[in-house]
Every structure is written in structure tokens, then in C-alpha cells.
Amino acid sequence: MKNLLSINKYVEGVLKKDISVLARAITLIESSKEEHQEISKQIIEKILPYTGKSVRLGITGVPGVGKSTFIEVFGQILVQKNHKVAVLAVDPSSTLSKGSILGDKTRMEKLSIDDHVFIRPSPSSGSLGGVARKTRESILLCEAAGFDYIIIETVGVGQSETEVHQLTDFFLLLMLAGAGDELQGIKRGIMEMADGVTITKCDGNNLDKAKIARAEYANAIHLFPPTESGWIPEVKTCSSTENNGIEEVYDMIEKYIRHTQSKNFFQKKRQEQTTFWFESLIQEKIKEHFFSDKNFLQRYNNAKEHITKNEISILNAVNSVFTK
Ligand SMILES: Nc1nc2c(ncn2[C@@H]2O[C@H](COP(=O)(O)OP(=O)(O)OP(=O)(O)O)[C@@H](O)[C@H]2O)c(=O)[nH]1
Ligand SMILES: [Mg+2]
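Enquirer: Before we go on, may I ask you to explain the site of ligand 1 in this structure?
Expert: Around ligand 1, the structure places 16 residues, and the nearest of them are Lys 67, Thr 69, Arg 107, Asp 203 and Ser 240. Between Lys 201 and ligand 1, the recorded distance is 2.8 Å, taken from a side-chain N or O atom to an oxygen atom. Contacts to ligand 1 include Asp 203, whose side-chain N or O atom sits 2.7 Å from a nitrogen atom. For ligand 1, whose unbound accessible area comes to 660 Å², protein coverage reaches 75%. Every element with two or more residues in the shell around ligand 1 is listed here: α4 (67–80) and α5 (99–107).

Enquirer: Got a minute to help me understand the nonpolar core in this structure?
Expert: It is characteristic of soluble globular proteins that their nonpolar side chains tend to be buried jointly. Of all hydrophobic cores here, the largest spans 48 residues; its most connected members are Leu 22, Leu 141, Cys 142, Phe 147, Ile 150 and Ile 199. Apart from the residues within four sequence positions on either side, Ile 199 is in contact with Met 175, Leu 176, Ala 177, Ala 210, Ala 213, Arg 214, Tyr 217, Val 235, Lys 236, Thr 237 and Cys 238.

Enquirer: What is the right way to look at the coordination of the magnesium ion (ligand 2) in this model?
Expert: In ideal tetrahedral geometry, four donors around a metal make angles of 109.5 degrees, whereas ideal octahedral geometry with six donors gives angles of 90 or 180 degrees. Within the protein, the magnesium ion (ligand 2) binds to Ser 68 (OG) and Glu 153 (OE); these donor distances fall in the range 2.1 to 2.3 Å. Here the residue Ser 68 occupies a position in helix α4, and Glu 153 occupies one in strand β4 (residues 149–155), the gap between them amounting to 85 residues. The buried category is assigned to Ser 68, whose relative accessible area is 7%. Classification of Glu 153 as buried rests on a relative accessible area of 10%.

Enquirer: Looking at this model, I keep getting lost on the packing of aromatic side chains. Mind explaining?
Expert: Two descriptors summarise a pair of aromatic rings, namely the distance from one centre to the other and the angle between the planes of the rings. Counted by the stated rule, this structure contains 13 aromatic pairs. With a centroid separation of 5.5 Å and an interplanar angle of 80°, the aromatic rings of Phe 290 and Phe 322 are classed as edge-to-face. Taken together, the positions of Phe 290 in helix α13 (residues 265–291) and Phe 322 in helix α15 (residues 314–322) put the pair 32 residues apart, joining distant regions of the chain. Relative accessible area serves as the criterion here: at 52%, Phe 322 is assigned to the exposed category. With a centroid separation of 5.0 Å and an interplanar angle of 85°, the aromatic rings of Phe 291 and Tyr 300 are classed as edge-to-face. Given the relative accessible area of 33%, Phe 291 is considered partly exposed. A residue is classified by how much of its surface remains accessible, and Tyr 300, at 28% relative accessible area, is partly exposed. Of the aromatic side chains, those joined through ring pairs into one cluster are Phe 290, Phe 291, Phe 296, Tyr 300 and Phe 322. The ring of Phe 147 is capped by Lys 84, whose NZ or CZ atom sits 4.6 Å from the centre of that ring.

Enquirer: How should the pattern of salt bridges be read in this particular structure?
Expert: Any two side chains of opposite charge can pair, on the condition that their charged atoms come close. The tally for this structure, following the rule as stated, stands at 13 salt bridges. Several salt bridges converge on common partners, so that one network encompasses Glu 228, Lys 268 and Glu 272.

Enquirer: Can you walk me through unusual backbone geometry in this structure?
Expert: Keep in mind that most residues, glycine aside, have a negative phi and that most peptide bonds are trans. Unlike most non-glycine residues, Lys 17 shows phi in positive territory, near 65°. Tracing the sequence through the fold places Lys 17 in the loop between α1 (7–15) and α2 (19–30). On the accessibility criterion, Lys 17 (43% relative accessible area) is partly exposed. Phi is positive for Lys 201, which is not a glycine, with a value near 55°.

What counts, and where the lines are drawn
Residues numbered from 1 in each chain as written. Chains lettered and ligands numbered in written order. Predicted model: local features only at pLDDT ≥ 70, side-chain atom pairs only at ≥ 80, totals over all residues. Heavy atoms only, no water. Near = heavy atom within 4 Å. Polar contact = N/O pair within 3.5 Å; in protein donor to acceptor, adjacent residues only side chain to side chain. Areas by Shrake-Rupley, 256 points an atom, 1.4 Å probe, with all protein chains shown as cover. Helix = DSSP H or I, 4+ residues; strand = E, 2+ residues; numbered from the N terminus. Core = buried A, V, L, I, M, F, W, Y, C linked by side-chain atoms within 4.5 Å. Buried < 20%, exposed > 50% of the residue type's maximum accessible area, 1.4 Å probe, protein only. Contact = heavy atoms within 4.5 Å. Donors = N, O, S within 2.8 Å, 3.2 Å for Na, K, Ca; no water. Phe/Tyr/Trp six-rings, centres within 6.5 Å; stacked < 30°, edge-to-face > 60°. Lys NZ or Arg CZ within 6 Å of the ring centre and 35° of its normal. Salt bridge = Lys/Arg side-chain N within 4 Å of Asp/Glu carboxyl O.

Spelled out as C-alpha cells, the structure:
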């Protein structure tokens, strides 16, 4: 890491929309060094009043479904509509798909050189919850730097969605036609989380298959319990390579935002998300608190040994850990 700036320099730089300072602030946030985390905390505190004014869009789907290619085209539409776009990636399986960060740079060729766009690959280390939390703070920094459309790309393999869902206003699921749910590894739970579904690669030989898939998914979605906001998720088709149907996805998201804002649901959802992150941090702290206590740890290990030898019931073992 380059030399650290003062806290005020970070804050000023971000608010002045200085991209290099923004990037450095994010690096700081991603660092696990205690000293860096302390500074990050204070930066976030100071920029907090300037956050919140953006659309936070989560995009998920199995590897290869076309997320990055979609974002390349979708991002350009956003820029045409005068949005300032930040693209962040959450990739919990980075050890499995090391290639994707490199791939993103080439797949977002035009977007990555646009002045109105900021692209940030995923932090490479840390637990899933940790990565998502850092992404949350990166979102806040991007908002403070004037980005009003934040896209979060995540690999849809079933681990990261719940977290990313808690970071975004609209959760878009990209699907392939004719691959079968099983093959796509998309769990029903993820379908239920989606505010919209888009069948990708609706071009060439895929056209008919995509249309059939669209009808099937639309039917499936109607069987899900109604959402709290009353919004019924829509299913679209698109081709990123032929630039078809992308505008319709934009319209769908706009419609969703109008719908949820008119019912005050938009704000309510964000408040619930803040509570979610508060609670998960509290849980983490409680755990940390106990496990950093040597005596607790000893009782914990003892109890564990006793239960594996079947010498004590689990309930009694648990009690023994919390009894001094
Ligand atoms: N025919 C066609 N091919 C596409 C389309 N969109 C993406 N592809 C191709 O599909 C492959 C995967 O695209 P990516 O955009 O990298 O997919 P991804 O979902 O970001 O993949 P990961 O980041 O690895 O999870 C690439 O070879 C793309 O060229 C499309 O609309 N039509
Ligand atoms: Mg990608």
C-alpha cells in the first residue's frame, strides 16, 4: 500500500470525486490490518452524510452466464442516461475462479475506459461475510464520490447471494436458456430473492429456447408467495453481444424503483438492510469476545472433547462452557 493519507485527505478526496483517492480508500477498507481498519472506520463515519443517493443493483448468475458482458453494455446505457456508474465485484470463490477478474477487464473494455465509470474487482481475501461487508463500505464510498448507479456483480453459486441481496435495492438474476435449473445450480431460494430475471444470450440459435425459458420462468415466479412490496418479479430476455433487450432491463429496474418508492418500501428495505449488517456485526463481536477469553476457550475445548467421547450430553456440555 502506498503511503497513507490523513483521514481528512481521504474524505476530501472522495467528496471531490478524486478517483485515485477513492481507489486508495477502498484498498484501505479491504485491508485486514487493524491500523487500516481504524482509519477506515473514521473515513466511513465522515462520508456517511453523503451516501445513500444511488441505485444499488445486484447482478448474479452462474459462471459464464454473461454477467460481465451484460454489465459492459448495460453500463454504457446508464452513462448515456447521465448516470455515473460504479461496478464492484463480490467473488467469494476467488480461489476457484481466479481468471474472472482478468476476464472482467477485457470484457468491460469500453466501460473500463469511460470517465463516468469506476470498476473495482473483488477483494481477494477474507471470509464471505467479510468480503460482503467491505463491499458495503465500498458502496458508501462510491456514493460519496458521486456515483449514482452501483452495480455489484457476484458469482451465483449459492453462497454470496444472500449477502449481496442485503446490499442492493434490486437483485437481478441472469439465467441461461435450456440449461435446466439443476445444471445452473440455481437454488429456488435465489429465484425467490430475485426482483427480476433475465435470460441471457438470446441470439443466434438460442432465440427460440430463450423465449420458451422466459415463459417457463414467468410461470414459476407466479407460483412464489407474493412479495412484501407487492412487486411481481419480471422475466426478460436479452443479448449483450447484439445489444438487444438491455434497455428493457433498465426500464424494469426503473419501474421497480418507482413502485417501491411510492409505497415507502424502498427506504424500509434499506433500513432493514442496515439492521441486518448491524446484527451480523454484533454476532461477530460476541463470538470474538468469547473466543478471545482464554478460560472460555479452555472450557470450550474441554467440553468438545467430552462430547466426542460421549461422556456428557451436548446440552450439559454447552452449559459447562458458560459456567465459570
Ligand atoms: N452469444 C452470446 N454470448 C455471450 C453473450 N453474453 C456473453 N456471452 C459470452 O459468454 C461468455 C461468458 O461471458 P461473461 O460475461 O464473462 O460471463 P460471467 O457471467 O461474467 O462469467 P464469470 O465472471 O466467470 O462468472 C463469454 O465468452 C461471452 O462472450 C450474449 O449475449 N450472447
Ligand atoms: Mg464476470
